[in-house]
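The residues making up each chain are set out below.
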Amino acid sequence: MARRGHRPSQGSPQRPRFWGRHAVLAALANPERTVRKLWGTHEALSRLDLPATLTVTYAEAADLGRLVPSDAPHQGMVAEVDPLEDIWLGDLIERGRGDTRPLLVLDQVTDPHNVGAMLRSAAAFDALGIVTQDRHAPPESGTVARSASGALEVVPWVRVVNLARALEEIAEAGYWRIGLTGNTDLTLDQAMGSDKVALVLGAEGEGMRQNTEAHCDVLARLPISDQVESLNVSNAAAIALYAAATRRG
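Quick look at the pairing of strand β8 (residues 175–180) now. It is a general feature of regular strands that their side chains alternate between the two faces of the sheet. In terms of burial, β8 is a largely internal element, 5 of the 6 residues being buried. Note that β8 and strand β9 (residues 196–202) share 5 bridges and pair parallel. What sits directly across from Arg177, in β9, is Ala198. Of the pairings in the sheet, the one linking β8 to strand β10 (residues 218–220) comprises 3 bridges and is parallel in character. Within β10, the residue paired with Leu180 across the bridge is Ala220.

Here it is, written out as structure tokens:
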């Protein structure tokens, strides 16, 4: 049966390496994730029930450090994995039919730490998933997985070629598209309403592009103090997701 909706981008064929206890254990526990190799210290792996088919190499902590970026906190574990299978936007929307879980839409947010942190917040506040562009968003990586603290394995991540067309499809599915910006008087709670919402955030500093703003139903701001100019985009996403969660009760 053909899948409907905005097609996903073509994912990277490269196999990322994950490091750190939360990221590696979450990958091992995800039935949709193929873990190809696992390196670890005897101490870190001694209590794990590892599949017999998995290639495991025991190594000293210093040797593991050479498998990952400098100073990466590997906690005695490094895994080489296959990227997750692409998800179609129409399939994700279908998963959310009948509930009011929010969507998180990111417009050219490229920092892998921020995207990982937003995946973690999306898991914490039970978002339906996140939607990004393919060419202006980080690939699956150890940094994303580490920052997400396991959420990369549980939060659906849709990559699309054209974000404006994706926002049109999201609107057709009944979502109220709220673009977060500082250039408006309307606050998020005033804009929220009772419908299903898609929270749209732009890159830190530059914010949403004009065409992305044009594909939002309303623009809203977080009611932050005048003592700070703006919030980090991952902090703003966490607050917006919390607001959506409390609205749903």
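In spatial order, the strands read β1-β4-β2-β3; together these 4 strands make up an open sheet with mixed pairing. The two strands at the open ends of the sheet, each matched to only one other strand, are β1 (17–19) and β3 (55–58). Across the sheet, the mean angle separating the axes of adjacent strands is 20 degrees when strand polarity is ignored. Where strand β2 (residues 35–40) and β3 come together, 4 bridges link them in parallel fashion. Bridged to Trp39 within β3 is Thr57. The strands touched by helix α1 (residues 21–29) within the sheet are β1, β2 and β4 (77–81), with β4 carrying the most contacts at an inclination of about 45 degrees.

What follows covers α1. Turning to α1, its buried residues are Ala23, Val24, Ala26 and Ala27. Down the axis of α1, the smallest arc covering the buried residues is 165 degrees, so these residues share one side. Along α1, exposed side chains directed more than 90 degrees from the buried face belong to His22 and Ala29. Against the buried residues of α1 lie β1, β2, β4 and α6 (142–148).

What counts and how
Going along each chain's sequence as written, the residues are numbered from 1 onward. The model is predicted, so local features are restricted to residues of pLDDT at least 70 and side-chain atom pairs to those at 80 or more, both for listing and for counting; the totals for chains, interfaces and linings are taken over all residues. Side-chain metrics rest on all non-hydrogen atoms present in the structure, leaving aside hydrogens and water. Exposure classes here rest on a 1.4 Å probe applied to the protein chains alone. A residue is buried below 20% of its type maximum, exposed above 50%, and partly exposed in between. Numbering goes from the N terminus for both helices and strands, where a helix is a DSSP run of H or I of at least four residues and a strand is a run of E of at least two. For two strands to be treated as a pair, DSSP must find no fewer than two bridges joining them. Here the axes come from fitting lines to C-alpha atoms, over the contacting stretch only for helices, and the angles between their N-to-C directions go from 0 to 180 degrees. Residue contacts are defined here by distance: any two heavy atoms, one from each residue, within 4.5 Å place the two residues in contact. Throughout, the arc means that of the directions going from the helix axis to the C-beta atoms.

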